[in-house]
Amino acid sequence: LLDFESKRTHNVVVEAVNKHVDPRFVDLGSFRDQTIVRVSVSDIDEPPIFQPAEGAVMEVQEDAKVGSLVGIVLARDPDVMNKPVRFSIEPTTDQDMIFHIDANSGAITLGKILDRETAGWHNITVKAIEAGTLISVLYIFITLMWYHLSIPNLKFVKTIHYADLFL
């Protein structure tokens, strides 16, 4: 695999051999020759790389308030260190704008109150954009953690003692 960022040139020794020598030319010596071929790897601008590169699972409490942090996505430019990468949520995957993402930091926050009874999970697609044209996507699965609004009030009618079980 050729990668400009890891090694820009490669030297390859190429040897040519004529195995079928014409008897008239045997006295001219070996029909074998070598040369060094230098391969220069050209740089192409590659899209950002998410870390981790595959889909992410995030969890958020059902009772989380608007503006609460859900998670952070990270991406980097494989060509230039510290080159800015901007983030956005693909609008078709969050039409109700339940989630927001900070374009610079990748922090995903809540834009609306969640209701687990309406939707127990959400799938969104986050885009990492470099130089305005190079785009990578990351699929994020957001699970709503259960939050019970009413805690049952338990009352004991009769206390059972261990000794009563054997009577």
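No experiment lies behind these values; they were computed from the predicted model shown.

Calculation notes
Residue numbers here run from 1 along each chain, matching the order of that chain's written sequence. Where local features are concerned, this predicted model is filtered to residues with pLDDT of at least 70; where side-chain atom pairs are given and counted, the filter is 80 or more; whole-chain, interface and lining totals use all residues. Where side-chain values are given, they derive from all heavy atoms of the structure, hydrogens and water being excluded. Working definition: helices are DSSP H or I runs of at least four residues, strands are E runs of at least two. Numbering for both runs from the N terminus. If DSSP finds at least two bridges between two strands, the strands pair. All axes here are fitted lines through C-alpha atoms, helices being fitted over the stretch that makes contact, and every angle between N-to-C directions spans 0 to 180 degrees. By nonpolar core is meant a set of buried Ala, Val, Leu, Ile, Met, Phe, Trp, Tyr and Cys residues that side-chain atoms within 4.5 Å join together. Relative accessibility decides the category of a residue: with a 1.4 Å probe and only protein chains considered, values under 20% of the type maximum give buried, values over 50% give exposed, and everything between is partly exposed. Whether two residues are in contact is decided by their heavy atoms: any pair within 4.5 Å suffices.

Give a description of unusual backbone geometry that names residues and reports values.
The omega torsion across glutamine 51 and proline 52 is 0°, close enough to zero to call that bond cis. One can find proline 52 in the loop between β3 (49-50) and β4 (56-61). For methionine 97, which is not glycine, the phi torsion reads 55° and is therefore positive. Within the fold, methionine 97 resides in the loop between β7 (86-89) and β8 (99-101).

Any chance you could break down the sheet that holds β8 for me, citing the residues and the numbers?
Across a sheet, strands are paired by hydrogen bonds formed along the backbone, either parallel or antiparallel in direction. If you trace the three strands from one edge of the open sheet to the other, you get β5-β9-β8, paired in antiparallel fashion. The strands lining the two open edges of the sheet, one partner per strand, are β5 (69-72) and β8. Direction aside, neighbouring strands of the sheet carry axes that sit 25° apart on average. By the bridge criterion, three bridges tie β5 to strand β9 (residues 107-110) in an arrangement that is antiparallel.

Give a detailed account of the nonpolar core, specifying residues and quantitative values.
Of all hydrophobic cores here, the largest spans 24 residues; its most connected members are Val73, Phe87, Phe99, Ile108, Val126 and Ile140. At the level of elements, β4, β7, β8, β9, β10 (121-130) and β11 (134-145) are the ones that each hand at least two residues to this core. Tallying contributions element by element places β11 first for this core, with four residues. Isoleucine 140 has contacts with Ala56, Met58, Val73, Ile108, His122, Asn123, Ile124 and Val126, leaving out every residue within four places of it along the chain.

Quick rundown of the sheet that holds β10? Include the residues and the values.
Sheet architecture is open: four strands sit in the order β4-β11-β10-β7, paired in mixed fashion. The open sheet has two edge strands, β4 and β7, and neither has a second partner. On average, adjacent strands in this sheet sit at an angle of 30° to one another, irrespective of strand direction. Two elements, β4 and β11, share six bridges in a ladder whose sense is parallel. Among the inter-strand pairings, valine 60 is bridged to a residue of β11, identified as leucine 144.

Structural measurements only, silent on function.
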